[in-house]
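Close look at the chain arrangement
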Amino acid sequence: MSIPTPGLNLKEAKLMGIVEKVVKFVTRLFPLWVILCAAIAYLSPAPFKPFGTWIPWLLGVVMLGMGLTMSLHDFGLVFKRPKDVLAGVLLRYLIMPGVAFCIAKILGLSPSLAAGLILVGCCPSGTASNVMTFIAKGDTALSVTISSINTILAPIVTPFIFLYLAGTLIPIDASALFVDILKIVLAPIAIGVAINMAAGAAVKRIITFVPLISVVAIIAIITVVVALSAAKLATVAVIAFVAVVLHNALGLTLGYGASRGIGMTHRKSKAIAFEIGMENSGLAVALAIAHLDPIAAIPGAIFSVWHNFSGSLLAGYWGGRDDIG
């Protein structure tokens, strides 16, 4: 039996209970909805192509939702445990871009696919890593703080690393990437944080809807990407999928192994693993559509689905074991 949320009458509490069940149902079957919508977009891309310009706005909605769940308290750990946070941030931006670059070279990816995979690796982690860390009984506070810091650093770090690694493959306008990340990521998050801090009580009444809105927005983004690249997708889908699976698996493995190697506990290392292996791939998709070839958005679109699947499996495995660290 659910307990009514404080501040709600019985009728509102029952309604919120129904909403929570709907949200859980939709989010739990996220991969299924993505596959269905992507299949429809692939078979009939024309109706979805005009919505390509909506992608940055849709991602902005996702980032706004992320901001609504954040406050300045999320950054407190920076001062309490600076070494843990610094280690997580450095490992995040060292491992994933480098792994993506190596995979692209080894698999001989085309310049557009290679750039798309590297872009995924250069983007910050997202809220999915926080959820997986919680399920895995990892250090959720550390995960939230690292995600927040990574996101704040993204306007500077993402264009710089991407230019360095992918600049020889395709033309890159780093300043344009910087501006877009500010508009698509930092501005909506800042607005969300400000609203949460100014009207926290009101936010708590609507926060149940936020995951549903975010999931719908991400599904819409992936659907449009598939439609825009449908003509070439059949020729690159397999190799792109292999590249994404390797990228994600190595990120999770190296993230855990590296953090354990520098003396972190099992609990902290679980958080670091998800912070490194799970990306804000929606940002990679939006940037690829805006600045690169639509094919470059394919790795990000695949990653959006795959990392939730692999992350859920790993989180369930870790969460089902006795915590040993």
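Residue numbers here run from 1 along each chain, matching the order of that chain's written sequence. In view of the model being predicted, local features appear only for residues whose pLDDT reaches at least 70, and side-chain atom pairs are presented and counted only at 80 or more, with totals across whole chains, interfaces and linings using the full set of residues. Heavy atoms from the whole structure form the basis of all side-chain values; hydrogens and water molecules are not counted.

Concerning the nonpolar core
- If you look at the biggest cluster of nonpolar residues, it comprises 85 residues, and the most contacted ones within it are Leu 59, Leu 119, Phe 162, Val 225, Leu 283 and Leu 292.
- We call two residues in contact when some of their heavy atoms are within 4.5 Å. Beyond its immediate chain neighbours, meaning those up to four positions away, Leu 119 contacts Thr 158, Phe 162, Ala 284, Leu 287, Ala 288 and Leu 292.
- Residues Leu 252, Ala 273, Met 278 and Ala 315 belong to the second largest nonpolar core, which totals nine residues. Working definition of a nonpolar core: buried Ala, Val, Leu, Ile, Met, Phe, Trp, Tyr and Cys residues. They are joined through side-chain atoms within 4.5 Å. Each residue gets one of three labels from its accessible area relative to the maximum for its type: buried under 20%, exposed over 50%, partly exposed in between, using a 1.4 Å probe on protein chains only.

Some points on the pattern of salt bridges
- Criterion for a salt bridge: a side-chain nitrogen of Lys or Arg within 4 Å of a carboxyl oxygen of Asp or Glu. Under the defined criterion, the tally for this structure stands at six salt bridges.
- The salt bridge involving Asp 180 is made with Lys 183; its shortest N-O contact spans 3.7 Å. Here the residue Asp 180 and the residue Lys 183 both occupy positions in helix α9 (residues 174-198), the gap between them amounting to three residues, near one helical turn.
- Relative accessible area serves as the criterion here: at 14%, Asp 180 is assigned to the buried category.
- Residue classification places Lys 183 among the exposed residues on the basis of a relative accessible area of 53%.
- What you see here is one network of salt bridges that share partners, running through Arg 81, Asp 84, Asp 139, Arg 267 and Lys 268. By definition, any uninterrupted DSSP run of H or I lasting at least four residues is a helix, any uninterrupted run of E lasting at least two residues is a strand, and each is numbered from the N terminus.

Some thoughts on the packing of helix α8 (residues 140-166) against α9
- The N-to-C vectors of α8 and α9 enclose an angle of 160 degrees; their axes lie 9 Å apart at closest approach. Classed by the angle they form, the pair α8 and α9 counts as roughly antiparallel. Like other packed secondary-structure pairs, α8 and α9 cross with a definite hand, here right-handed. In this structure, α8 contributes Thr 151, Ile 152, Ala 154, Pro 155, Ile 156, Thr 158, Pro 159, Phe 162 and Leu 163 to the contact, and α9 contributes Ala 174, Leu 177, Phe 178, Ile 181, Leu 182, Val 185, Leu 186 and Ile 189.
- Only Asp, Glu, Lys and Arg are considered charged in this grouping, and only Ala, Val, Leu, Ile, Met, Phe, Trp, Tyr, Cys and Pro are considered nonpolar; every other residue, Gly among them, is considered polar. Here the residues of the contact of α8 with α9 are counted per class, giving 15 nonpolar, two polar and no charged. The angle between two axes is taken between their N-to-C directions and runs from 0 to 180 degrees, where each axis is a line fitted to C-alpha atoms and a helix contributes only its stretch in contact. An angle below 35 degrees is treated as roughly parallel, one above 145 as roughly antiparallel, one from 65 to 115 as roughly perpendicular, and anything else as oblique. Left-handed describes a crossing in which the near helix is turned anticlockwise from the far one by less than a right angle; the clockwise case is right-handed.

Let's talk about the state of the cysteines
- For the purposes of this analysis, a disulfide is any pair of cysteine sulfur atoms at a distance within 2.5 Å. With the rule as written, the count across this model stands at zero disulfides.
- In this model Cys 102 remains outside any disulfide bridge; the closest cysteine sulfur is found in Cys 122, 12 Å from its own.
- Judged by relative accessible area, which is 43%, Cys 102 ranks as partly exposed.

The values reported here are purely geometric and, on their own, carry no functional implication.
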